[in-house]
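One-letter residues, chain by chain:
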Amino acid sequence: MTVDADELRGIVRGFLAANDPRGMDRLDFLRARFDAGLAWVHFPAGLGGLGAARELQPLVDAAFAEAGAPDNRPHLNSIGLGMAAPTILRFGNDEQRRRYLRPLWTGEEIWCQLFSEPGAGSDLASLATRAVRDEAGVGSEAEWVVDGQKVWTSLAHRARWAILVARSDPDQPKHQGLTYFICDMTAPGVEVRPLRQITGEAEFNEVFLTGVRIPDSQRLGEIGQGWQVALGTLMNERVAIGGRAPAREGGLIGIAAEAWREHPEKRTHGLHNRLLRLWVDAEATRLTSLRLRQQLAAGDPGPEGSAVKIAFAELNQAITGFELEFLGEPGLAYDDWTFHQPEFTDFAKRGPGFRYLRAKGNSIEGGTTEILRNIIAERVLGLPPESRTDKDRPWKELPR
């Protein structure tokens, strides 16, 4: 039976009456919320949800916020919540769902993503990290031995688990010889090193995998199905990056508009025209993001998320460039070059120089603009695919 909004309000009231957040340990409260099906209400019962419509989630979150309840600090586990969880729900078995989803949602276990490699970023299907099956394994369970290097890995230095794509059959064409795993980031052979960016800080890491043993029970999907599983993850990632819908004049356009109002002495006719065009573009992107999230609520992120992600990246770079030019010399003063590894990036709390430099990465992370344009051309517009000589050849025969 589907739960409607009135019933859901009643369930939340009943839960809060029995679980006063002011008198409970934070983690105990979050675990109880998950067990009551009020974590992500669109998930199935028993897995933190009630099988309700996804659009009812804001109603639940607002009720908990009004009651002063702690949240699960979603900004600290964005990859787990936005990418790993929907992938586990769709491709995992019952045992995997029960093991991983609860501590993921409560934030007890942080997740990262081991996809990109030094030689396989834009063309992810070319990845070379190897996974070799060891039938001997431990006890009666086979294991996989993984060797390779991953790069641009957010939160790897904090993560307990990672979603990992590795090549399990080099004799197959590159899209067919991949398998998807859950990797224990504390396992022997996992080494994490920070990568310092142009902004001065290190949001990302490179991860070296040397003889890492992964039980077969931590495989997501069938052997050789890794590309299909990874596509599901990537579609959710692009929605997570580009599909955020701030309030009107929120986000970076709000920062630029505020600077415009605070500094009338810097205004010019040309800059005024640019700001107005950016404002309109930001509003169009915001409304498109809202529509995309409604599509996601129906359970299908779809390839259209690639278009919103492109618009998001280009708009961010244009707005931060405008802000820097408008402010002039003061805008070039950088606020903090100190090396550190932030838990998340907050554009609003940093200076215009940081925003300008960091926005450059928006057209690379979550799929480069060039790759996303190919996806839109082929899967949204139905144009003929790009000629690919490597599509049907065994991966091991491809030049690298």
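Quick caveat, the model's predicted, so the values are computed rather than measured. (Residues numbered from 1 in each chain as written. Predicted model: local features only at pLDDT ≥ 70, side-chain atom pairs only at ≥ 80, totals over all residues. Heavy atoms only, no water.)

Caption draft 1: Inspection of the side chain of Asn-362 at higher detail. If you trace the backbone, Asn-362 turns up in the loop between helix H11 (352-359) and helix H12 (369-380). Residue classification places Asn-362 among the buried positions, given a relative accessible area of 3%. Here Glu-365 takes part through its side chain, which lies 2.6 Å from a polar atom of the side chain of Asn-362. Asn-362 has contacts with Lys-309, Phe-312, Ala-313, Asn-316 and Gln-317, leaving out every residue within four places of it along the chain. (Helix = DSSP H or I, 4+ residues; strand = E, 2+ residues; numbered from the N terminus. Buried < 20%, exposed > 50% of the residue type's maximum accessible area, 1.4 Å probe, protein only. Polar contact = N/O pair within 3.5 Å; in protein donor to acceptor, adjacent residues only side chain to side chain. Contact = heavy atoms within 4.5 Å.)

Caption draft 2: Focus on the pairing of strand S3 (residues 141-150). In the sheet, strand S2 (residues 130-138) pairs with S3 via six bridges, with the strands oriented antiparallel. Each bridged residue has a counterpart across the sheet, and for Val-138 the counterpart in S3 is Glu-141. Where S2 folds back onto S3 in an antiparallel hairpin, the turn is made up of two residues, including Gly-139, whose phi is positive at roughly 60°. As paired strands, S3 and strand S7 (residues 204-215) are joined by seven bridges and run antiparallel to one another. What sits directly across from Val-146, in S7, is Val-212. (Pairing = 2+ DSSP bridges.)

Caption draft 3: Seen up close, the packing of aromatic side chains. Summed over all chains, the structure comprises 16 aromatic pairs. Ring centres of Trp-40 and Phe-43 lie 4.2 Å apart, and the angle between their planes is 20°; on these two criteria the pair is classed as stacked. An aromatic cluster of three or more residues is present, and its members are Phe-34, Trp-40, Phe-43 and Trp-105. We note Arg-33 situated over the ring of Phe-64; from NZ or CZ to the ring centre the distance is 4.0 Å. Here the basic side chain of Arg-350 rests over the ring of Phe-354, its NZ or CZ set 4.1 Å away from the ring centre. (Phe/Tyr/Trp six-rings, centres within 6.5 Å; stacked < 30°, edge-to-face > 60°. Lys NZ or Arg CZ within 6 Å of the ring centre and 35° of its normal.)

Caption draft 4: Molecular detail of the domain arrangement of the protein. Each assigned domain of the protein is listed with its residue range as follows: domain 1 (1-71), domain 2 (74-233) and domain 3 (244-381). The gap between the C-alpha centroids of domain 1 and domain 3 is 32 Å. (Domains from an automatic or database assignment.)

Caption draft 5: A look at the pattern of salt bridges. Evaluated as defined, the whole model comprises 29 salt bridges. Ionic pairing is found between Arg-31 and Asp-28, a salt bridge with its closest N-O pair at 3.9 Å. Pair noted here: Arg-31 and Asp-28 are both in helix H2 (residues 26-35), with a separation of three residues, about one helical turn. On the basis of relative accessibility, which here comes to 39%, the residue Asp-28 falls in the partly exposed class. Residue Glu-109 pairs with Arg-99 through a salt bridge whose shortest N-O separation is 3.0 Å. With Glu-109 in the loop between helix H5 (94-106) and strand S1 (111-114) and Arg-99 in helix H5, this residue pair connects regions lying 10 residues apart in the sequence. Beyond isolated ion pairs, a larger network of salt bridges with shared partners links Arg-133, Glu-135, Asp-216 and Arg-219. (Salt bridge = Lys/Arg side-chain N within 4 Å of Asp/Glu carboxyl O.)

Caption draft 6: Just the side chain of Glu-203, in detail. Relative to the elements of secondary structure, Glu-203 occurs in the loop between strand S6 (190-195) and S7. Within polar-contact distance, the side chain of Glu-203 engages the side chain of Arg-358 at 2.4 Å. Every residue in contact with Glu-203, bar those within four places of it in the chain, is listed here: Thr-153, Ser-154, Leu-155, Leu-195, Gln-197, Pro-342, Thr-345 and Arg-358.

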